[in-house]
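# Analysis of the macromolecular model
One letter stands for each residue in the lines below.
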Amino acid sequence: YCDVEGAVLVFLPGLQEIQKLFDELESNSCISRGNRFVVYPLHSSFSTASQQAIFKRPPRGTRKIVLATNIAETSITIDDVVFV
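Calculation rules
- Residues numbered from 1 in each chain as written.
- Predicted model: local features only at pLDDT ≥ 70, side-chain atom pairs only at ≥ 80, totals over all residues.
- Heavy atoms only, no water.
- Pairing = 2+ DSSP bridges.
- Helix = DSSP H or I, 4+ residues; strand = E, 2+ residues; numbered from the N terminus.
- Axes fitted to C-alpha atoms, helices over the stretch in contact; angles between N-to-C directions.
- pLDDT = per-residue confidence, 0-100.
- Salt bridge = Lys/Arg side-chain N within 4 Å of Asp/Glu carboxyl O.
- Buried < 20%, exposed > 50% of the residue type's maximum accessible area, 1.4 Å probe, protein only.

## Comments concerning the sheet that holds strand β4 (residues 81-83)
Pairing within the open sheet is parallel, and its four strands lie in the order β2-β3-β1-β4. In this open sheet, the two edge strands, each paired with only one partner strand, are β2 (37-41) and β4. Averaged over neighbouring strand pairs, the angle between their axes works out to 35 degrees when direction is ignored. As paired strands, strand β1 (residues 7-11) and β4 are joined by two bridges and run parallel to one another. In the strand pairing of β4, Ala 7 is matched with Val 81.

If you want it as structure tokens, here you go:
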């Protein structure tokens, strides 16, 4: 899967789980070191600017990971998601 470009969309039950996983990924040196990964939490309580950031494609070689509730499954389309 490392040779496949595209984002990862992770569905979680709610805001607490999104924030917890975001914090864990950001504190993980394998994820946060360098620019191999960029992690975006997505929830309706977040600012419009932070919500819109998920639609930007990262630079080549950087994997975007979006953490969201299943409401995002029917309400938005992130065109570069290849893994769910």
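On we go from here.
## Brief notes about the environment of Gln 16
Summarising the element assignment, Gln 16 is placed in helix α1 (residues 15-27). Taking C-alpha positions, Gln 16 is 20 Å from Val 84, a pair spaced 68 residues apart along the chain.

## Here we look at the confidence of the model for the protein chain
Parts of the model with low pLDDT should not have their predicted coordinates read in detail. Confidence in the prediction of the protein chain, expressed as mean pLDDT, is 88, and 95% of residues score 70 or more. The secondary-structure element of the protein chain with the lowest mean pLDDT is helix α4 (residues 71-75), recorded at 72, while α1 shows the highest, at 95.

## Remarks on the pattern of salt bridges
What the rule picks out here adds up to three salt bridges. Salt-bridge contacts for Lys 20 lead to Glu 24; the nearest nitrogen and oxygen are separated by 3.9 Å. Of this pair, Lys 20 and Glu 24 both sit in helix α1, separated by four residues, roughly a single helical turn. For Asp 79, the salt bridge is made with Arg 57, and the minimal N-O distance between the two is 3.6 Å. Highlighted residues: Asp 79 in the loop between α4 and β4 and Arg 57 in the loop between α3 (48-52) and β3 (63-68), separated in sequence by 22 residues. For Asp 79, a relative accessible area of 55% translates into the label exposed. Among the residues examined, Arg 57 registers a relative accessible area of 56% and is labelled exposed.

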